[in-house]
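# Reading the structure
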Amino acid sequence: MGFCRGAYALALISFLFLLPVIHGWGVDGHLTVCRIAQARLSETAAAAVKKLLPVSAENDLGSECSWADHVKFRYHWSSALHYIDTPDNLCSYQYTRDCKDEDGVSGRCVAGAINNYTSQLLTYGNAAASQYNLTEALLFLSHFIGDIHQPLHVGFTSDKGGNTIDVHWYTRKGVLHHVWDDSIIETAEERFYDSAVGGLIDAIQKNITGEWKDQVPTWENCGINKPTCPDIYATEGIRAACDWAYKGVTEGSVLEDDYFLSRLPIVNRRLAQGGVRLAATLNRIFG
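What comes next is a walk through the structure.

About the criteria used
- Residues numbered from 1 in each chain as written.
- Predicted model: local features only at pLDDT ≥ 70, side-chain atom pairs only at ≥ 80, totals over all residues.
- Heavy atoms only, no water.
- Helix = DSSP H or I, 4+ residues; strand = E, 2+ residues; numbered from the N terminus.
- Rg over C-alpha atoms; globule rule 2.2 N^0.38 Å.
- Buried < 20%, exposed > 50% of the residue type's maximum accessible area, 1.4 Å probe, protein only.
- Areas by Shrake-Rupley, 256 points an atom, 1.4 Å probe, with all protein chains shown as cover.
- Lys, Arg positive; Asp, Glu negative; His and termini not counted.
- Charge placed at Lys NZ, Arg CZ, Asp CG, Glu CD.
- Pairing = 2+ DSSP bridges.
- Core = buried A, V, L, I, M, F, W, Y, C linked by side-chain atoms within 4.5 Å.
- Contact = heavy atoms within 4.5 Å.
- Salt bridge = Lys/Arg side-chain N within 4 Å of Asp/Glu carboxyl O.
- Polar contact = N/O pair within 3.5 Å; in protein donor to acceptor, adjacent residues only side chain to side chain.
- Disulfide = S-S within 2.5 Å.
- Axes fitted to C-alpha atoms, helices over the stretch in contact; angles between N-to-C directions.
- Parallel < 35°, antiparallel > 145°, perpendicular 65-115°, else oblique.
- Nonpolar A, V, L, I, M, F, W, Y, C, P; charged D, E, K, R; others polar.
- Arc of directions from axis to C-beta.
- Phe/Tyr/Trp six-rings, centres within 6.5 Å; stacked < 30°, edge-to-face > 60°.

In this section: the overall build of the protein. A count of helical and extended segments in the protein gives 12 helices and 5 strands. A compact globule built from 287 residues would reach a C-alpha radius of gyration of about 19 Å, and the protein, at 19 Å, matches this within 12%. If one aligns the C-alpha atoms of the protein with their principal axes, the spans along those axes are about 55 × 50 × 40 Å. In the protein, which comprises 287 residues, the proportion classed as buried is 50%. Carbon and sulfur atoms form 55% of the exposed surface of the protein, whose accessible area is close to 13700 Å². Between the centroid of the 24 positive side chains of the protein and the centroid of its 33 negative side chains there is a distance of 4 Å.

Moving on to the sheet that holds strand β3 (residues 166-169). As summarised here, the arrangement of the 3 strands in space is β4-β3-β5, forming an open sheet in which the pairing is mixed. Taken across any chain shown, the strands that pair with only one partner, and hence form the sheet edges, are β4 (172-175) and β5 (254-255). As paired strands, β3 and β4 are joined by 4 bridges and run antiparallel to one another. Note that in β4 the partner of Trp 169 across the bridge is Arg 172.

Now for the nonpolar core. Leu 121, Leu 176, Trp 180, Ile 184, Tyr 259, Leu 282 and Phe 286 are the most contacted members of the largest nonpolar core, which totals 84 residues. The dominant element in this core, judged by the number of residues it contributes, is helix α12 (residues 257-286), at 13 residues. For Leu 282, the residues in contact, after removing those within four places along its chain, are Leu 41, Ala 45, Val 49, Leu 138, Leu 141 and Gly 287.

Moving on, we get to the side chain of Asp 181. If you trace the backbone, Asp 181 turns up in helix α8 (residues 176-192). This buried residue, Asp 181, is left without a salt bridge; Lys 72 holds the nearest opposite charge, at 7.9 Å. A polar atom in the side chain of Asp 181 sits 2.7 Å from the side chain of Gln 150.

Alternating residues of β3 divide into Val 167 and Trp 169, all buried, and Asp 166 and His 168, none buried. Between β3 and β4, which follow one another and run antiparallel, lie 2 residues, and Tyr 170 among them has a positive phi close to 55°.

We now examine the state of the cysteines. The full count for this structure, using the stated rule, is 4 disulfides. In this model, Cys 91 is linked to Cys 242 through a disulfide, with the two sulfur atoms separated by 2.0 Å. Between Cys 91 and Cys 242, the disulfide has an S-S torsion of -100° and is therefore left-handed. Residue Cys 91 is located in the loop between β1 (84-86) and α5 (95-98), and its partner Cys 242 is located in helix α11 (residues 230-245); the two are separated by 151 residues in the primary sequence.

What follows covers unusual backbone geometry. For Glu 58, which is not a glycine, the phi torsion comes out positive at approximately 55°. In this fold, Glu 58 is placed in the loop between α3 (43-52) and α4 (67-70). Exposure remark for Glu 58: the relative accessible area of 70% places this residue in the exposed category. A positive phi angle, near 50°, is found at Lys 160, a position not held by glycine. Within the secondary structure layout, Lys 160 lies in the loop between β2 (154-156) and β3.

Position of Cys 229 relative to the elements: it lies in the loop between α10 (216-220) and α11. Once the C-alpha coordinates of Cys 229 and Thr 281 are considered, the two residues, 52 residues apart in sequence, prove to be 8.8 Å apart. Beyond its immediate sequence surroundings of up to four residues, Cys 229 is in contact with Asn 221 and Cys 222.

With that out of the way, let us pick up the packing of α3 against α12. When two helices pack together, their arrangement is captured by the angle between the axes and the distance separating the axes. Viewed as axis vectors pointing N to C, α3 and α12 meet at an angle of 90°, and their least axial separation amounts to 8 Å. Comparing the axis directions of α3 and α12 gives the class roughly perpendicular. Here α3 contributes Thr 44, Ala 45, Ala 48, Val 49 and Leu 52 to the contact with α12, which in turn contributes Leu 282, Asn 283 and Phe 286. Within the contact of α3 with α12, the residues separate by chemical class into 6 nonpolar, 2 polar and no charged.

On to α3. Within α3, burial applies to Ala 45, Ala 48, Val 49 and Leu 52. Buried residues of α3, seen end-on, are gathered within an arc of 100° and therefore sit on one face of the element. Of the exposed residues in α3, the ones pointing more than 90 degrees away from its buried face are Glu 43, Lys 50 and Lys 51. Looking at the packing, one finds that the buried side of α3 touches α2 (27-38), α6 (110-121), α7 (134-148) and α12.

Pairs of aromatic rings are described using the distance from one ring centre to the other and the angle between the two planes. If you walk through the whole model with that rule in mind, you get 16 aromatic pairs. Arranged with centres 4.9 Å apart and planes meeting at 25°, the rings of Tyr 117 and Phe 140 form a pair that is stacked. Taken together, the residues Tyr 117 in helix α6 and Phe 140 in helix α7 connect sequence positions 23 residues apart. For the pair shown, Tyr 117 and Phe 140 are each scored as buried. Ring centres of Phe 140 and Phe 144 lie 5.5 Å apart, and the angle between their planes is 10°; this geometry places the pair in the stacked category.

Here it is, written out as structure tokens:
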């Protein structure tokens, strides 16, 4: 029996290593986006979110904002929905060209997923809603709006959004994608916020109502009768990836204070935009 368990464990580990490495912001990044968003919901949207959240969430959207990452190994079909691959070095995004999975199926990317789950949630309160799991739709949408604001989720095809670029973050080995998912945020928390995500969230919220106040209406705007606009978010993402994430990085680069301190404002801004836009989307859906 012990041998069988050991063999099963080895098989499982081998299987997991064969799967593509696809993450969005780390837990703290997604928590930040959702906490910012929930604080900006209209009364109607807040009531709908409270009704759709699992009871165990205790009306805290942030506590469920990483759910979509946790279910990827159960919902294998969802892995392709967390990112967009764009042509190497073009630094541009086009929905018809880029929003597809590795098999070429159109619409299977994070922009397509945002459109899909927005459409599902728009059925809230009418008979058509019965064909969808709107709790899952809310959790997927909240996560994917976070994902699309992580610049390397709209990265280059050849390196899988920085997942195959080995770097050192100070003294630790890792990959460039993980630096943007987790390392920049974690280092900021350690250095500036007593290792507490709450301090980071408070600082970003102060910038939203202060330094960035005049920009917020532009972030929220999607045009006439559009509840969400992921193509705008993706276009911004690949530009940020080229201008900041990839810039100056090669295989084996050692990334330290110069990289960290110049990229942290970009991370904070993208987290802020993700939270503001998630709130705006949910307010339009349920408004």
